[in-house]
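Descriptive analysis of the structure
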Amino acid sequence: MSTKTLAKHNQSHRIYEWVLVSCTINAMVKNSTTKWPLRMMRIPLVRRVLLILVVFGVLWSFTFVNISLVFSQSQSRSSNEVKAEIVQLSEEYIKALAQENGDIVDGPYAGRFTAFDLKKTIAVLLESMLARINRLEIFVNNVTNGSLLSDNSTLLSPHLLMGAGLDGRRNAVLSAQDLLQGKSEKCELTEEDMEQYPHCGQKIEWMQKMWQSDPCYKGYGVDGSNCSIIMYLSEVEDFCPRQAWSGTHNKTLVDTRITYANVTVDLQGLMNLLVDPNDRQGYAWIRMRISRMWHRWSSAAKNLVSKYDLQGRQKQKILIHLGLLSKQSGWKFAEMQFKGGPLGELVQWSDLISTLYILGHELTVTSEVEQLIEILNHVPAAKTPCQSRKELPVNLIYTDIMGLIQFKKRLKAGYAKFSCLFRVVDSFGTEPAFNHHAFAKQNKILSSWGGQDLNPQQFYTMFPHSPDNSFMGFVVDRVLNDSETNLTPKENIALVYGKNDYMWQGKEQYLDVIHSMLEVHGTVYEESDNKLQNVPSYVINHGIMTGVDLHKLLQKTKIFVGLGFPYEGPAPLEAIANGAVFLNPKFNPPHSSKNHKFFKGKPTHREVTSQHPYAETFIGEPYVYTINPNNTDEVLQVLKNILKDNKFSSYLPNEYTEEGMLQRMNAYIQHQNFCSFQRGLTKWPLKEAVQFVFAEKGQSCKDACWSLNHICEPVYFPELNSKESFSNFTECKSVAHSSNIYYPAYDTNAGTCTTQDERLLFSCVGSMDTLQRLCPCRNYIPGQSALCIGCEI
């Protein structure tokens, strides 16, 4: 057969096929017994879509006829020209189709406002087009290569093409013929799938009942069928595996664009981000602290870069919302920042902002609800419950409890898609029992601070006192370098840690003993019309001092005197770094929500044994002496010992330096991911740094690990939460499961092993007298307790 005869034959065959497709569509419309409902034709959008598909189908037929004639009439036209024309026509078709269906939302299964029978029709037409393009390309290549009549040449049929899948995988997708025959995709979950994706089954059950509760689910193609639900939960929310529906190779929702972060020390760039939204000057103290310490930050960044490879880090888009500075908080942090108000939180925020900026991430800083609303108004479907995070403008959100409440109030049903992005600056920590809303409510410990249902490690604390949370910390401010500090002569001065008059109440005897040995100074805020009531007359009061002046005074100070409050502030570490010895008041019994007003409502049962537990535990003598302030003989003896030795050297743990904080926060950003719902082997902290321990009866995992000079690592709880893990330590008469903070654990009375049912209730601090707990314990870098050995960056 000649080339010209073959072209005419193909032309006739194509026209016949397109007429057949058109007749099929008309028959589907006219015949009420088919699966095409007559009511669908009453929808204008459906009629328009069908009409344009038929028109373009005819146009495509004539186009292919013309192309075939060109080949039959002129052999001089190159294959590249023909292919370019095909590509151009294809682009025009796609653009026209996109304009016609501009309101259709892309998704893994369907478009909005489309019916299943319309999907079938579109599938037939698109499949035919794809097959024809493929056959024509092969034909052109064969003509060009002179192999048209070769015995080895083949033209793929539509059935062969779709049966094998676009990349040769057989049965990767259903063919259009299968769809017309009423077949549907098969989405099956294996036992292994359910084990690796523990939330998948629960989410499927919820979606089966609630998929019509919000239009956004339909927008992503959910139509109530199990397959559409599984597709949505795998492609959009990542709760289910893609292989359940052969979606492993679907890349439509993946953003492959990556921007890398580079360390930067441009102070002016950071100052430009800290622009006050009103005349309250909320960032004034933060800007002042950052500017004063910037030379140290710059030096620390250079040191870190010289030690570790910081290349190849993905730049994160980070929203920082300081809820405590907002007018709606009612806390008046902005108004009181230079009037004796609490500064510990502002210290944390200024150091966190500096860290994230220097690490090279893209920051947006807000402090008022109006700013937050403006940002959320530009987020697509921010208030819908569909949890597609791929379209969100941020990768991480740093805020505080007040900011979290403000987010919840504005996002409402859409809060769920943001929840795993939050990092909550939380000075005192939030224990799992208080974080889990249902558990806290059931046990009557629910408060406005707790019940957030976040991963407990999303709470970032000021000190490493809660292993269930993440230790963020801060940087201890220093005016001079260590050599200059050590050269400053010490004077017989005791500086009292207490900037408000009420903190001095009831401390007369304690202070009198100190006054008998040293000159007593204070930095108490005093209003001109109010005389101090509790400060002894012999105290030399300097009032509220600037950072530079305060540090100059600390350099001359021998003893920094704690009064018992405030708890766990930054000032004692600043004093120790300046060579002063800290007198740390001991609490007997320990302070907690059971016996002290300050802790009422705080989401923790933690028992505070002294004013500064970190200084007591991680530093100790000769820099810190934890004493009973009510025992005047003990106080006097300790003072004599300190003054006799006359050694006042500075000390600062690495984790409270600029370099230490940069290292720690970089590791968190690189490795912490709370948006992954697949249960797999933990990769960070390193498995080599972890050992599983069988605690003593009645001992918490926090205490069991610390007794081995290790730290409880809650990330590894799921890996030992099984009957097999118990067999390494004891024999179980029976195995049960429960949702409580004490498990996994072994009951010494009943001989029963109990595993944990609720991932949010894995707890390092839970303990019960009759239970021996299974505990994951990791080593740590001395001076950098948040990181394991080998987890430096």
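All values reported here derive from a predicted model rather than from experimental measurement.

1. Examining the packing of aromatic side chains
Any two aromatic rings considered together are summarised by their centre-to-centre distance and by the angle between their planes. One pass over the structure, following the stated rule, counts 36 aromatic pairs. Pairing Y567 with F598 gives two aromatic rings, centres 5.2 Å apart and planes at 45 degrees, and the pair type is tilted. With a gap of 31 residues between them, Y567 in the loop between strand 10 (559-562) and helix 23 (571-577) and F598 in the loop between strand 11 (581-591) and strand 12 (608-610) connect regions that are remote in the sequence. The exposure class assigned to Y567 is buried, which follows from its relative accessible area of 5%. Residue classification places F598 among the partly exposed positions, given a relative accessible area of 26%. Taken together, a centroid distance of 5.1 Å and an interplanar angle of 75 degrees make the contact between Y614 and Y656 edge-to-face. On the criterion of sequence distance, the pair formed by Y614 in helix 24 (residues 613-619) and Y656 in the loop between helix 25 (632-645) and helix 26 (658-671) is long-range, its members being 42 residues apart. Given the relative accessible area of 4%, Y614 is considered buried. Given a relative accessible area of 0%, Y656 falls into the buried group. Here the aromatic residues F463, F471, F474, Y614, F618, Y656, W706 and Y780 are joined through ring pairs into a cluster of three or more. If you follow K203 out to its NZ or CZ, it ends over the ring of F239, 4.6 Å from the centre.

2. A short note on the pairing of strand 19 (residues 771-778)
Of all the 8 residues making up strand 19, 8 are buried; the element is thus mostly covered by neighbouring parts of the structure. Neither face of strand 19 is open: one carries L771, R773, C775 and C777, the other Q772, L774, P776 and R778, and all of them are buried. Sheet topology note: the strand 14 (residues 690-694)/strand 19 ladder contains 5 bridges and is antiparallel. The residue of strand 19 that forms the bridge with V690 is R778. Sheet topology note: the strand 15 (residues 711-712)/strand 19 ladder contains 2 bridges and is antiparallel. Within strand 19, the position partnered with C712 by the bridge is C777. Bridge count for strand 17 (residues 745-747) against strand 19 is 3 bridges, and the pairing is antiparallel. Counterpart to A745 in the pairing with strand 19 is R773.

3. Things to note about unusual backbone geometry
Note that the residue after F565, namely P566, is joined by a cis bond; omega there is 5 degrees. Of note in this structure, K412 is not a glycine but carries a positive phi near 55 degrees. Along the chain, K412 falls in the loop between helix 16 (401-411) and helix 17 (415-419). By relative accessible area, which is 60% here, K412 ends up exposed. One non-glycine residue, K444, lies in the positive phi region at around 60 degrees. Mapping K444 onto the fold places it in the loop between helix 19 (437-442) and strand 5 (459-461).

4. What to know about helix 25
In a regular helix each residue adds 1.5 Å, so 14 residues correspond to 20 Å; helix 25 covers 20 Å between its end C-alpha atoms and thus fits that length. Of all the positions in helix 25, only V635, V638, L639 and I642 are classed as buried. Buried residues in helix 25, looked at end-on, bunch into an arc of 100 degrees, giving them a common side. Facing away from the buried side of helix 25 by over 90 degrees, the exposed positions are D633 and K644. Contact partners of the buried residues in helix 25: helix 21 (508-515), strand 10, strand 11 and strand 13 (624-627). Taken from the residues just after helix 25, N646 is the one with a positive phi, measuring 55 degrees.

5. Some words on the sheet that holds strand 6 (residues 470-471)
Where strands meet in a sheet, backbone hydrogen bonds hold them as pairs that are either parallel or antiparallel. Reading across from one edge, 2-1-3-4-5-6 is the order of the 6 strands in this open sheet, with parallel pairing throughout. Edge positions in the sheet fall to strand 2 (362-366) and strand 6, since each has one partner strand and no second. Strand direction decides the pairing type here: strand 1 (residues 317-321) and strand 3 (residues 396-400), joined by 3 bridges, are parallel. When the sheet's bridge partners are listed, L319 is paired in strand 3 with I397.

6. Some remarks on the state of the cysteines
Throughout the structure, instances matching the rule amount to 8 disulfides. Here C216 engages in a disulfide with C386; their sulfurs sit 2.1 Å apart. Negative torsions about the S-S bond denote left-handed disulfides, and the value of about 95 degrees found for C216 with C386 makes this one right-handed. In this pair, C216 sits in helix 9 (residues 215-219) while C386 sits in the loop between helix 15 (369-377) and strand 3, placing the two residues 170 residues apart along the sequence. Owing to a relative accessible area of 10%, C216 belongs among the buried residues under this scheme.

7. A closer look at the pairing of strand 18 (residues 752-756)
Across a regular strand the side chains alternate sides, sitting on one face of the sheet and then on the other. Among the 5 residues in strand 18, 5 count as buried, and that is most of the element. The two faces of strand 18 match: T752, T754 and Q756 on one face and C753 and T755 on the other face are all buried. Pairing of strand 16 (residues 734-738) with strand 18, which is carried by 5 bridges, proceeds in the parallel orientation. Residue pairing for strand 18: A736 is matched across the bridge by T754. Sheet analysis places strand 17 next to strand 18, joined by 3 bridges and oriented antiparallel.

8. Some thoughts on the packing of helix 15 against helix 16
Their axes nearest at 11 Å, the elements helix 15 and helix 16 cross at an angle of 45 degrees. With respect to each other, helix 15 and helix 16 are oriented oblique. Judged by the sense of rotation from one axis to the other, the crossing of helix 15 with helix 16 is right-handed. Contacts between helix 15 and helix 16 involve V369, L372, I373 and L376 from the former and Q406, F407, R410 and L411 from the latter. Its residues placed into classes, the contact of helix 15 with helix 16 shows 6 nonpolar, 1 polar and 1 charged.

9. Side note on the confidence of the model for the protein
In regions of low pLDDT, the predicted coordinates are not meant to be interpreted in detail. The share of residues in the protein with pLDDT of 70 or more is 74%, and the mean pLDDT across the chain is 82. Here residues 102-117 scores under 50 on pLDDT; set against residues more than four positions off or in separate chains, the count is 36 contacts. Note on residues 248-255: pLDDT under 50 across the span, and 10 contacts to partners over four residues away in sequence or across chains.

10. Comments concerning the pattern of salt bridges
Within this structure, the stated rule accounts for 10 salt bridges. The partner of K687 in a salt bridge is E719, and the shortest N-O contact between them spans 3.5 Å. Within this pair, whereas K687 is found in the loop between helix 26 and strand 14, its partner E719 is found in the loop between strand 15 and helix 28 (723-727), the two being separated by 32 residues in sequence. On the basis of relative accessible area, K687 is assigned to the partly exposed category, the value being 42%.

11. Structural notes on helix 21
Looking only at helix 21, the buried set comprises Y510, L511, V513 and I514. In an axial view of helix 21, the angular spread of the buried residues amounts to 155 degrees, which keeps them on one side of the axis. Lining the buried residues of helix 21 we find strand 7 (493-497), strand 8 (519-522), strand 10, strand 11, strand 13 and helix 25.

12. A short note on the nonpolar core
Soluble, globular proteins show a tendency: their nonpolar side chains are buried together. Within the largest apolar cluster, 74 residues are counted, with the highest numbers of intra-cluster contacts made by I320 and Y398. Considering each element in turn, this core owes the most residues, 9 residues, to helix 12 (residues 284-307). Discounting residues that sit within four places of it in the chain, Y398 has contacts with I318, L319, I320, H321, W349, L352, L356, R423, Y460, M665 and I669. Core analysis: the second largest hydrophobic core is formed by 26 residues, L511, V581, V638 and F648 among them.

The rules behind the values
The written sequence of each chain sets the order in which its residues are numbered from 1. Under the rules for a predicted model, residues below a pLDDT of 70 receive no local features and side-chain atom pairs below 80 are neither given nor counted, while totals for whole chains, interfaces and linings still include all residues. Computation of side-chain values: all heavy atoms of the structure, hydrogens and water removed. Two rings from Phe, Tyr or Trp (for Trp, the six-membered ring) form a pair when their centres sit within 6.5 Å of each other. Planes less than 30 degrees apart are called stacked, planes more than 60 degrees apart edge-to-face, and all others tilted. A helix here means a DSSP run of H or I that spans at least four residues, while a strand means a run of E at least two residues long, and both kinds are numbered starting from the N terminus. Per-residue accessibility, obtained with a 1.4 Å probe over protein chains only, is compared with the maximum for each type, and a residue is labelled buried under 20%, exposed over 50%, and partly exposed between these values. In this scheme, Lys NZ or Arg CZ marks a charge over a ring once it lies within 6 Å of the ring centre and within 35 degrees of the ring normal. Only strands that DSSP links by at least two bridges are regarded as paired with each other. Each residue after the first adds 1.5 Å to the expected span of a helix. Starting at the helix axis, one direction is taken to each C-beta atom, and the arc is that of these directions. For this analysis, residues touch if any pair of their heavy atoms sits within 4.5 Å. For this text, the term disulfide refers to a pair of cysteine sulfurs within 2.5 Å. Every axis corresponds to a line fitted to the C-alpha atoms, with the helix fit spanning only the stretch in contact, and the corresponding angles, defined between N-to-C directions, vary from 0 to 180 degrees. We call two directions roughly parallel when the angle between them is under 35 degrees, roughly antiparallel when it is over 145, roughly perpendicular when it lies between 65 and 115, and oblique otherwise. Handedness of a crossing follows from how the near helix is turned relative to the far one, being left-handed for an anticlockwise turn of less than a right angle and right-handed for a clockwise one. Residues are grouped as follows: Ala, Val, Leu, Ile, Met, Phe, Trp, Tyr, Cys and Pro are nonpolar; Asp, Glu, Lys and Arg are charged; all remaining types, including Gly, are polar. You can read pLDDT as the predictor saying how much it trusts each residue, on a scale of 0 to 100. The salt bridge definition used is simple: a Lys or Arg side-chain nitrogen within 4 Å of an Asp or Glu carboxyl oxygen. As used in this record, nonpolar core signifies buried Ala, Val, Leu, Ile, Met, Phe, Trp, Tyr and Cys residues forming a set joined through side-chain atoms within 4.5 Å.

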